[in-house]
Amino acid sequence: MSRIYLALANGMVFPGESFGAECESVGELVFTTGMCGYLETLTDPSYAGQIVMQTFPLIGNYGVIESDFEGECLVRGYVVREWCREPSNFRCQYALNKFLKDRGIPAICGVDTRCLTRIIREHGVMNAKLCAEPPESFDDIAAYTVSGVVPLASCAAPEVYPAEGEQKYSVALIDYGAKRNIVRSLTRRGCRVTVMPAASSAEQVLSLAPDGIMLSNGPGDPEENVFQVEQIKKLLGKVPLFGICLGHQLTALAAGGSTFKLKYGHRGVNQPVREAGGARTYITSQNHGYAVDGASIKRGRVSFVNANDGTCEGVDYPDDNAFTVQFHPEACSGPLDTGFLFDRFMDMMGGNG
């Protein structure tokens, strides 16, 4: 393997060994704490525009299993402590190196990911570059921004997924970068799901006569998606609505709330979320760099808060027959604590919400 460098926007440079594609790339460096599920991480469209670093030290040990993919791989680079060159798993189809090479994604191993994580936790998310030589100038790193990524992550045309067994309801899922398990979570509950592009108008969505509307996860700054926010304004109150992650943030903006960028985000499968005003805490899977300002919510009420930092993790909009959460109740891989939220959505579509 050849030498490669991870250069941070603050001027620090970390040498390591190259694997994956032999190319250079600039992105926003973020870390995720998941101890498993690296395939789901790499194929989560919410990571579009970012260089992903795994805090768990050994990555690639069970190879690549395509049925575990959650979407398209849109990461800008990959950073691990140790890359397992010889995976061992009965489901393994090929090695992680081939996966990255085939998609033109550079990766680095042999770096101190614990040190890097501490830097990000102290200074906040920062841009970085994977490069063949230490850079003489950091201008291109500093200038990089994650923008225009929702159209990149969304489907190009409507896609229909039939219900498993008897069809109970029809759901329109607006795709801002949806994970596949959102569709699976709905179809196995008897929903026929029509996945709509992020550029769909409210009129196009309502023309499907859906029993409910689902707003998916997705990448980037929620405030950038002005058109999508305007469409949600038109959808609120029409039929039951359930938003996840970016869908949660966009709904808050549509309802007059505001969002802000977190210092280093919440990414991993062990994020504790507490019921607002309650005693129960759930362990959740999360991947987001922005949060809803709970104090800005006037049209609804905060339903969940992060047990670590107190940020808003969910909002109920009873007057609009809608609710949203920041975390992933469909998590795969991840905890299953909050799968009941899909059942709540089903009850709402049945008139029992």
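You'll find the structure just up there.
Residues numbered from 1 in each chain as written. Predicted model: local features only at pLDDT ≥ 70, side-chain atom pairs only at ≥ 80, totals over all residues. Heavy atoms only, no water.

1. Describing empty space enclosed by the protein
Next, step 1: Counting across every chain of the model gives two cavities of 30 Å³ or more.
Next, step 2: Elements supplying a minimum of two residues to the lining of the largest cavity: α1 (38-42), β15 (259-275) and β16 (281-292).
Next, step 3: Ranked by residue count, the leading element in the lining of the largest cavity is β16, at three residues.
Next, step 4: Of the residues belonging to the lining of the largest cavity, the class tally is four nonpolar, 10 polar and three charged.
Next, step 5: For the second largest cavity, the calculated volume is near 40 Å³.
Next, step 6: Looking at the second largest cavity, the residues that line it are I174, Y176, A198, S200, S201, A202, V205, Q228, Q231 and L235.
Next, step 7: Those elements that provide at least two residues to the lining of the second largest cavity are α7 (202-206) and α8 (226-235).
Next, step 8: Looking at the lining of the second largest cavity, the element that brings in the most residues is α8, giving three residues.
Next, step 9: Within the lining of the second largest cavity, the residues separate by chemical class into six nonpolar, four polar and no charged. (1 Å grid on protein atoms, 1.4 Å probe; cavity = no way out; pocket = protein on both sides within 12 Å on 5 of 7 lines; lining within 4 Å. Points joined across faces, edges and corners; volume = space filled by probe spheres on them. Helix = DSSP H or I, 4+ residues; strand = E, 2+ residues; numbered from the N terminus. Nonpolar A, V, L, I, M, F, W, Y, C, P; charged D, E, K, R; others polar.)

2. Here's the deal with the side chain of T324
Next, step 1: Within the secondary structure, T324 is located in strand β19 (residues 322-325).
Next, step 2: A relative accessible area of 0% places T324 in the buried class.
Next, step 3: There is a polar contact of 2.7 Å between the side chain of T324 and the side chain of H248. (Buried < 20%, exposed > 50% of the residue type's maximum accessible area, 1.4 Å probe, protein only. Polar contact = N/O pair within 3.5 Å; in protein donor to acceptor, adjacent residues only side chain to side chain.)

3. Here's the deal with the sheet that holds strand β9 (residues 126-131)
Next, step 1: Read once around its circumference, the closed barrel built from seven strands follows the order β1-β2-β8-β6-β4-β3-β9, with strand pairing classed as mixed. Strand-to-strand twist across the sheet, computed as the mean angle between neighbouring axes with direction ignored, equals 35°.
Next, step 2: Looking at chain direction, strand β6 (residues 77-79) and strand β8 (residues 106-109) are connected through two bridges and run parallel. Pairing of Y78 across the sheet is with A107, part of β8. (Pairing = 2+ DSSP bridges. Axes fitted to C-alpha atoms, helices over the stretch in contact; angles between N-to-C directions.)

4. Examining the sheet that holds strand β17 (residues 301-306)
Pairing between sheet strands relies on hydrogen bonds along the backbone, with the strands arranged either parallel or antiparallel.
Next, step 1: Overall, mixed pairing links the 10 strands, which are arranged β10-β12-β11-β13-β14-β19-β18-β17-β15-β16 in an open sheet. The open sheet terminates on both sides in strands that have one partner only, identified here as β10 (159-161) and β16. Neighbour to neighbour, the strand axes of the sheet diverge by 20° on average, direction disregarded.
Next, step 2: Sheet topology note: the strand β11 (residues 169-175)/strand β12 (residues 191-197) ladder contains seven bridges and is parallel. Paired with L173 across the strands is V195, a residue of β12.

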